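Structural features, examined
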Amino acid sequence: MPKAPQNRTITLSDKEIEAYRHELLRINGSVSVEQILNRVINQDIFEVINFLPSNFVDLLFIDPPYNLAKTFNTCSFKQMSINSYMEWMDSWLQKMIRLLKPTASIYICGDWRSSSAIHILCEKYFIVRNRITFEREKGRGARKNWKNNSEDIWFCTVSDKYTFNPEAVKLKRKVLAPYQENGIPKDWTEEDGGKYRLTYPSNIWTDITIPFWSMPENTPHPTQKPEKLLAKIILASSNEGDVVFDPFAGVGTTGVVAKKLKRKFVIIEIDEEYCFYAIKRLQMAEKDTTIQGYSDGVFWERNTLKDMKKNRNHNRIKAIG
């Protein structure tokens, strides 16, 4: 069945699958950083963790299966007790410490079921800096519970020396009450689309759009993280040329955004088909480096960047007419 005209979900052809299969990396012994840099490793993290080099990671992003029953293509995860989930996480998290530089930052994602376990483990191994909560506005709600539309991301560091670039992750907001002093705008500017203010990032993110069928980054992955979310983390906690590592890469969003933002990456994913999507998206990123909701060096509130462009186009047409 053909896709709807506005459906931009990424698909794979048989020809692409055959070509991408030869690009996957599998390792069965110790490797150097150069051998794995900017590659998609198609293996279980437990198979490769002991083979990876030490002290090569500047930024670690972890989006593990949350503590709920979920099927990810060929793999399934079963909900367990909070203590069992913590033990499962600890079995691989402790092995990743060796991979980190002393200046590295760590971000670990979770929902309300898993967040407490993540917090305890982060306190065990790292310096916990903050808990980010982002609004995951998707889904139709629940009849017997509050609709679950938020997720947590725990921000940690190895030491007190780490990278954080707040100027790189400012948010552009519409000004609801444009205050002036002596007739001069205070901390806001007027542009074609309205009045805007640049604000420093907080730990509440309400500007994130979860990928859906009309977005060019969308894939069939059931829990795909948005490129905009990764862009905030990568810009804030790494510099150009740094190495970003993702051991549960899914369809490769971390690697794609790292590439678009001139970072290096190493990503690992157990599911072969998801790796194919990652490779295709990495190839697409060579021609298109745009990130939805991020433009001119700032992040925009949800949907306002599109409105701004519409106003600019309208004014341009009006001027021509």
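Scroll up a little and you will see the structure.
Starting from 1, residues in each chain are numbered consecutively following that chain's sequence as written. Reporting of local features is limited, given that this is a predicted model, to residues whose pLDDT is at least 70; pairs of side-chain atoms are given and counted only at 80 or more, and all residues count toward the totals for whole chains, interfaces and linings. No hydrogens and no water enter the side-chain calculation; it runs on all heavy atoms of the structure.

The next subject is the pattern of salt bridges. By definition here, a salt bridge exists when the distance from a side-chain nitrogen of Lys or Arg to a carboxyl oxygen of Asp or Glu is within 4 Å. A complete count under the given rule lists 19 salt bridges for this structure. Of the charged contacts in the structure, one is a salt bridge between Arg129 and Asp160, with a shortest N-O distance of 2.8 Å. Note that Arg129 is positioned in strand E6 (residues 127-135) and Asp160 in the loop between strand E7 (150-157) and strand E8 (171-174), a separation of 31 residues in sequence. Between Asp207 and Lys228 there is a salt bridge; the shortest N-O distance is 3.1 Å. You can see Asp207 sitting in the loop between strand E13 (204-205) and helix H6 (227-237) and its partner Lys228 sitting in helix H6, a full 21 residues away along the chain. This pair shows no difference in class: Asp207 is buried, exactly as Lys228 is. Where helices and strands are cited, they refer to DSSP runs of H or I of at least four residues and of E of at least two residues respectively, numbered from the N terminus. Residue exposure (1.4 Å probe, protein chains only): buried if accessible area is under 20% of the type maximum, exposed if over 50%, otherwise partly exposed.

Further remarks concern the side chain of Asn42. Summarising the element assignment, Asn42 is placed in the loop between strand E1 (39-41) and helix H3 (45-48). Here a polar contact is taken to be a pair of N or O atoms separated by no more than 3.5 Å, where protein atoms must pair a possible hydrogen donor with a possible acceptor and residues adjacent in sequence count only if both atoms sit in side chains. A polar atom in the side chain of Asn42 sits 2.5 Å from the side chain of Arg26.

Trans peptide bonds make up the majority, and among non-glycine residues the majority have a negative phi. Unlike most non-glycine residues, Asn38 shows phi in positive territory, near 60 degrees. Turning to its location among the elements, Asn38 is positioned in the loop between helix H2 (33-36) and E1. Judged by relative accessible area, which is 39%, Asn38 ranks as partly exposed. Even without glycine at this site, Asn55 takes up a positive phi of about 50 degrees. The residue Asn55 is located in the loop between H3 and strand E2 (57-62) in this model.

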